[in-house]
Amino acid sequence: MDKVIKLQYKIIVTDIAILLVLMLLSVFTTKNPMTWIMGYAFGGIMGILNFILLGRTVYKASMMSPNKAQAYASVNYFFRMIITGLVLIIGLKADYLSGIAVIIGLLLIKQIIFFTQIQGSKSFFKKIIKRKEDK
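Chemist: Help me understand the environment of arginine 80, please; the structure alone is not making it clear to me.
Modeler: Within the secondary structure, arginine 80 sits in helix H3 (residues 66-93). Here arginine 80 falls in the buried class, since its relative accessible area comes to 9%. Taking the C-alpha atoms as reference points, arginine 80 and methionine 46, separated by 34 residues in sequence, lie 9.9 Å from one another.

Next up, the structure:
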(Lines give C-alpha, C1' and ligand atoms only; values in the text may rest on other atoms or scores of the structure.)
Protein backbone atom coordinates (compact mmCIF):
# COMPACT_ATOMS: atom_id res chain seq x y z
CA MET A 1 0.00 0.00 0.00
CA ASP A 2 2.92 2.31 0.69
CA LYS A 3 3.95 2.16 -2.97
CA VAL A 4 0.43 3.10 -4.06
CA ILE A 5 0.33 6.10 -1.72
CA LYS A 6 3.69 7.32 -3.05
CA LEU A 7 2.41 7.02 -6.62
CA GLN A 8 -0.79 8.90 -5.75
CA TYR A 9 1.26 11.61 -4.06
CA LYS A 10 3.54 11.92 -7.10
CA ILE A 11 0.57 12.21 -9.46
CA ILE A 12 -1.16 14.83 -7.29
CA VAL A 13 2.02 16.91 -6.91
CA THR A 14 2.57 16.77 -10.68
CA ASP A 15 -1.03 17.85 -11.24
CA ILE A 16 -0.67 20.81 -8.89
CA ALA A 17 2.62 21.85 -10.51
CA ILE A 18 1.13 21.78 -14.02
CA LEU A 19 -1.95 23.66 -12.81
CA LEU A 20 0.26 26.36 -11.31
CA VAL A 21 2.15 26.69 -14.60
CA LEU A 22 -1.13 26.95 -16.49
CA MET A 23 -2.36 29.60 -14.06
CA LEU A 24 0.84 31.58 -14.52
CA LEU A 25 0.56 31.31 -18.30
CA SER A 26 -3.02 32.50 -18.20
CA VAL A 27 -1.89 35.70 -16.48
CA PHE A 28 0.15 36.60 -19.56
CA THR A 29 -2.01 35.16 -22.33
CA THR A 30 -5.65 35.91 -21.49
CA LYS A 31 -7.71 39.08 -21.24
CA ASN A 32 -9.38 38.06 -17.98
CA PRO A 33 -6.84 35.87 -16.17
CA MET A 34 -8.79 35.62 -12.91
CA THR A 35 -11.58 33.57 -14.52
CA TRP A 36 -8.97 31.20 -15.97
CA ILE A 37 -7.08 30.91 -12.68
CA MET A 38 -10.28 30.18 -10.77
CA GLY A 39 -11.37 27.71 -13.46
CA TYR A 40 -8.07 25.82 -13.29
CA ALA A 41 -8.23 25.81 -9.49
CA PHE A 42 -11.84 24.63 -9.34
CA GLY A 43 -11.43 21.95 -12.00
CA GLY A 44 -8.06 20.84 -10.64
CA ILE A 45 -9.29 20.49 -7.06
CA MET A 46 -12.30 18.51 -8.22
CA GLY A 47 -10.12 16.31 -10.45
CA ILE A 48 -7.82 15.57 -7.50
CA LEU A 49 -10.83 14.88 -5.27
CA ASN A 50 -12.20 12.42 -7.84
CA PHE A 51 -8.80 10.73 -8.05
CA ILE A 52 -8.58 10.34 -4.25
CA LEU A 53 -12.15 9.04 -4.07
CA LEU A 54 -11.38 6.52 -6.83
CA GLY A 55 -8.33 5.29 -4.93
CA ARG A 56 -10.30 4.84 -1.72
CA THR A 57 -13.09 3.06 -3.57
CA VAL A 58 -10.71 0.61 -5.20
CA TYR A 59 -8.90 -0.04 -1.92
CA LYS A 60 -12.10 -0.66 0.05
CA ALA A 61 -13.66 -2.74 -2.74
CA SER A 62 -10.59 -4.97 -2.85
CA MET A 63 -11.29 -5.99 0.75
CA MET A 64 -14.91 -7.01 0.07
CA SER A 65 -16.55 -10.05 -1.43
CA PRO A 66 -17.13 -9.78 -5.22
CA ASN A 67 -20.85 -9.01 -4.99
CA LYS A 68 -20.43 -6.37 -2.30
CA ALA A 69 -17.42 -4.91 -4.11
CA GLN A 70 -19.36 -4.55 -7.35
CA ALA A 71 -22.26 -2.79 -5.65
CA TYR A 72 -19.92 -0.55 -3.63
CA ALA A 73 -17.85 0.38 -6.68
CA SER A 74 -20.96 1.09 -8.76
CA VAL A 75 -22.49 3.39 -6.15
CA ASN A 76 -19.23 5.28 -5.76
CA TYR A 77 -18.81 5.49 -9.53
CA PHE A 78 -22.21 7.18 -9.88
CA PHE A 79 -21.37 9.47 -6.94
CA ARG A 80 -18.14 10.57 -8.65
CA MET A 81 -19.95 11.09 -11.96
CA ILE A 82 -22.59 13.24 -10.25
CA ILE A 83 -19.81 15.35 -8.73
CA THR A 84 -18.14 15.68 -12.14
CA GLY A 85 -21.44 16.63 -13.77
CA LEU A 86 -22.13 19.29 -11.16
CA VAL A 87 -18.62 20.68 -11.57
CA LEU A 88 -19.07 20.88 -15.33
CA ILE A 89 -22.47 22.56 -15.02
CA ILE A 90 -21.14 25.10 -12.53
CA GLY A 91 -18.01 25.68 -14.64
CA LEU A 92 -20.01 26.31 -17.79
CA LYS A 93 -22.76 28.42 -16.18
CA ALA A 94 -20.70 30.60 -13.82
CA ASP A 95 -19.42 33.86 -15.24
CA TYR A 96 -16.49 33.96 -12.83
CA LEU A 97 -15.06 30.62 -14.10
CA SER A 98 -13.66 29.75 -17.50
CA GLY A 99 -15.44 26.62 -18.69
CA ILE A 100 -12.44 25.49 -20.73
CA ALA A 101 -10.14 25.90 -17.73
CA VAL A 102 -12.52 23.85 -15.56
CA ILE A 103 -12.55 21.05 -18.15
CA ILE A 104 -8.76 21.14 -18.48
CA GLY A 105 -8.40 21.04 -14.68
CA LEU A 106 -10.74 18.06 -14.43
CA LEU A 107 -9.04 16.09 -17.20
CA LEU A 108 -5.43 16.98 -16.39
CA ILE A 109 -4.99 14.28 -13.76
CA LYS A 110 -6.16 11.63 -16.23
CA GLN A 111 -3.55 12.79 -18.74
CA ILE A 112 -0.84 12.69 -16.09
CA ILE A 113 -1.77 9.10 -15.21
CA PHE A 114 -1.79 8.15 -18.88
CA PHE A 115 1.63 9.64 -19.61
CA THR A 116 3.09 8.28 -16.37
CA GLN A 117 2.07 4.79 -17.45
CA ILE A 118 3.43 5.27 -20.97
CA GLN A 119 6.74 6.44 -19.58
CA GLY A 120 6.91 3.43 -17.26
CA SER A 121 6.12 0.85 -19.93
CA LYS A 122 8.69 1.44 -22.65
CA SER A 123 9.20 -2.32 -23.05
CA PHE A 124 5.50 -2.64 -23.88
CA PHE A 125 5.90 -0.23 -26.79
CA LYS A 126 9.06 -1.95 -27.94
CA LYS A 127 7.04 -5.19 -28.22
CA ILE A 128 4.32 -3.42 -30.21
CA ILE A 129 6.74 -1.75 -32.61
CA LYS A 130 8.96 -4.81 -33.04
CA ARG A 131 8.89 -6.00 -36.62
CA LYS A 132 7.97 -9.54 -37.60
CA GLU A 133 11.33 -9.97 -39.32
CA ASP A 134 13.13 -9.29 -36.05
CA LYS A 135 11.69 -12.45 -34.44
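Now, onward.
Chemist: Which parts of the structure should I look at to understand the nonpolar core?
Modeler: General note: in soluble globular proteins, nonpolar side chains tend to be found buried as a group. Grouped together as the largest cluster of nonpolar side chains are 11 residues: Ile11, Ile12, Leu19, Met23, Tyr40, Ile48, Phe51, Ala101, Leu108, Ile109 and Ile112. For this core, the secondary-structure elements that each account for two or more residues are helix H1 (2-29), helix H2 (33-62) and helix H4 (99-120). Once you skip the residues sitting within four places of it in the chain, isoleucine 112 turns out to touch Ile11, Thr14, Asp15 and Ile18. Listed in part, the seven residues of the second largest apolar core include Met46, Ile83, Ala94 and Val102.

Chemist: I would appreciate a short explanation of H1 in the present structure.
Modeler: Along an α-helix, a turn takes 3.6 residues, which lines up residues three or four apart on a common side. Between its terminal C-alpha atoms H1 stretches 40 Å, which fits the 40 Å expected from 28 residues at 1.5 Å a residue. When H1 is considered as a whole, its buried residues turn out to be Ile11, Ile12, Asp15, Leu19, Met23 and Ser26.

Chemist: Explain the pattern of salt bridges here, please?
Modeler: Where charged atoms from two side chains of opposite charge approach closely, those side chains can pair. The tally for this structure, following the rule as stated, stands at one salt bridge. Two residues, lysine 6 and aspartate 2, come together in a salt bridge whose shortest N-O distance is 3.8 Å. One end of the pair is lysine 6 and the other is aspartate 2, both in helix H1 and four residues apart, which spans about a single turn. Each member of the pair, lysine 6 together with aspartate 2, is exposed.

Chemist: Where do I start with the packing of aromatic side chains in this structure?
Modeler: Both the distance between ring centres and the angle between the ring planes are used here to describe each pair of aromatic rings. A full pass over the atoms with the stated rule returns three aromatic pairs. Ring centres of tryptophan 36 and tyrosine 40 lie 6.0 Å apart, and the angle between their planes is 50°; this geometry places the pair in the tilted category. Of this pair, tryptophan 36 and tyrosine 40 both sit in helix H2, separated by four residues, roughly a single helical turn. Taking the centre distance of 5.3 Å and the plane angle of 70° together, the rings of phenylalanine 114 and phenylalanine 115 count as edge-to-face. Since its relative accessible area comes to 51%, phenylalanine 115 is described here as exposed.

Calculation notes
Residues numbered from 1 in each chain as written. Predicted model: local features only at pLDDT ≥ 70, side-chain atom pairs only at ≥ 80, totals over all residues. Heavy atoms only, no water. Helix = DSSP H or I, 4+ residues; strand = E, 2+ residues; numbered from the N terminus. Buried < 20%, exposed > 50% of the residue type's maximum accessible area, 1.4 Å probe, protein only. Core = buried A, V, L, I, M, F, W, Y, C linked by side-chain atoms within 4.5 Å. Contact = heavy atoms within 4.5 Å. Expected span 1.5 Å × (residues − 1). Salt bridge = Lys/Arg side-chain N within 4 Å of Asp/Glu carboxyl O. Phe/Tyr/Trp six-rings, centres within 6.5 Å; stacked < 30°, edge-to-face > 60°.

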